Each structure stands twice: as structure tokens, then as C-alpha cells.
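# Overview (structure and organization)
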Amino acid sequence: MPDKLMIIMVNTDPTNPSETGAPFFQATVAAAMDYEVEVIMTGRAGELAKQGVAEKLFINKDNKKTVYDFIREAAEAGVVFKVCTPTLELWGDDMIPEISETVGAAYVISEAMNGNTVTFTY
């Protein structure tokens, strides 16, 4: 049975913050269940890793927590956050402190193909 969850956020659009809830919530729950969890942000979703972006977004108008609060909670639960190299090219290198590493396509593919990893995409 796999013991790692890799969540790839590529199509999640920061201009529609309600899309960000599920991946961060599921990552937090999986980490709380003692799974190894990585969230890799790339493409349009990579903007969430840029300083000052997620701090200004709310999943819904009634929720007082920012998207960044959800990222911090996931990190506190043990989720590891990474960005793909193109993210830096698109959004610059001023990343939130929760980003632990920059990875390339070969890393993402090798992890996704690993029989010990389940991959979700958003």
C-alpha cells in the first residue's frame, strides 16, 4: 500500500480562491493520518507560492482564514511544499517560507511513477 501522497497544483487558479481549499485540506488530513505528503506548485497555481499572494486570498467571503493560513496549517501538520522550476520563471523567486525546495519535471515524473506514491492533481 502506498504511503506517500503527492499533490500537484497546476490548474488551480488563484483568481478563484475557492479552488484552493480542497488540495490544502486534503494534504493536511493526509499528513495527520501519518502519510508522507508533498504539495508541488507549478504553472498558474505556482503564484500561490509567491510572497504576498496567498496572504490576500480567502477561500470564501465568510471564512476569516486566508489561503496562506491553510498553507501554514498544512506545513505545521508535516506537509512539504515544493515549486517546479518554471514557477520561478513565471512568478519570481520571492517565495513563501514554507517552500522547501525547487524541483524539476524529472522529479515530478519519477515520484508520480513510483509505486509507493499516489498522485492527485488540481
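Below or above, wherever it landed, is the structure these notes cover. All values derive from a computational prediction rather than experimental measurement.

In the structure shown here, the tally under the stated rule is one aromatic pair. Centre to centre, the rings of Phe24 and Phe81 are 6.1 Å apart; their planes meet at 50°, and the pair counts as tilted. Residue Phe24 is located in helix α1 (residues 21–32), and its partner Phe81 is located in strand β3 (residues 80–84); the two are separated by 57 residues in the primary sequence. Across the ring face of Phe70, the terminal group of Lys65 is positioned such that the distance to the ring centre comes to 4.4 Å.

Among the nonpolar cores identified, the biggest contains 28 residues, and Phe24, Val39, Met41, Ile71 and Phe81 are the most heavily contacted of them. Breaking this core down by element, the ones donating at least two residues are β1 (4–9), α1, β2 (36–41), α2 (67–77) and β3. In terms of residue count, the dominant contributor to this core is α2 (five residues). Setting aside residues up to four positions removed in sequence, Phe24 forms contacts with Met9, Val39, Met41, Leu48, Val67, Phe70, Ile71, Ala74 and Phe81.

Cut-offs applied
- Residues numbered from 1 in each chain as written.
- Predicted model: local features only at pLDDT ≥ 70, side-chain atom pairs only at ≥ 80, totals over all residues.
- Heavy atoms only, no water.
- Phe/Tyr/Trp six-rings, centres within 6.5 Å; stacked < 30°, edge-to-face > 60°.
- Helix = DSSP H or I, 4+ residues; strand = E, 2+ residues; numbered from the N terminus.
- Lys NZ or Arg CZ within 6 Å of the ring centre and 35° of its normal.
- Core = buried A, V, L, I, M, F, W, Y, C linked by side-chain atoms within 4.5 Å.
- Buried < 20%, exposed > 50% of the residue type's maximum accessible area, 1.4 Å probe, protein only.
- Contact = heavy atoms within 4.5 Å.

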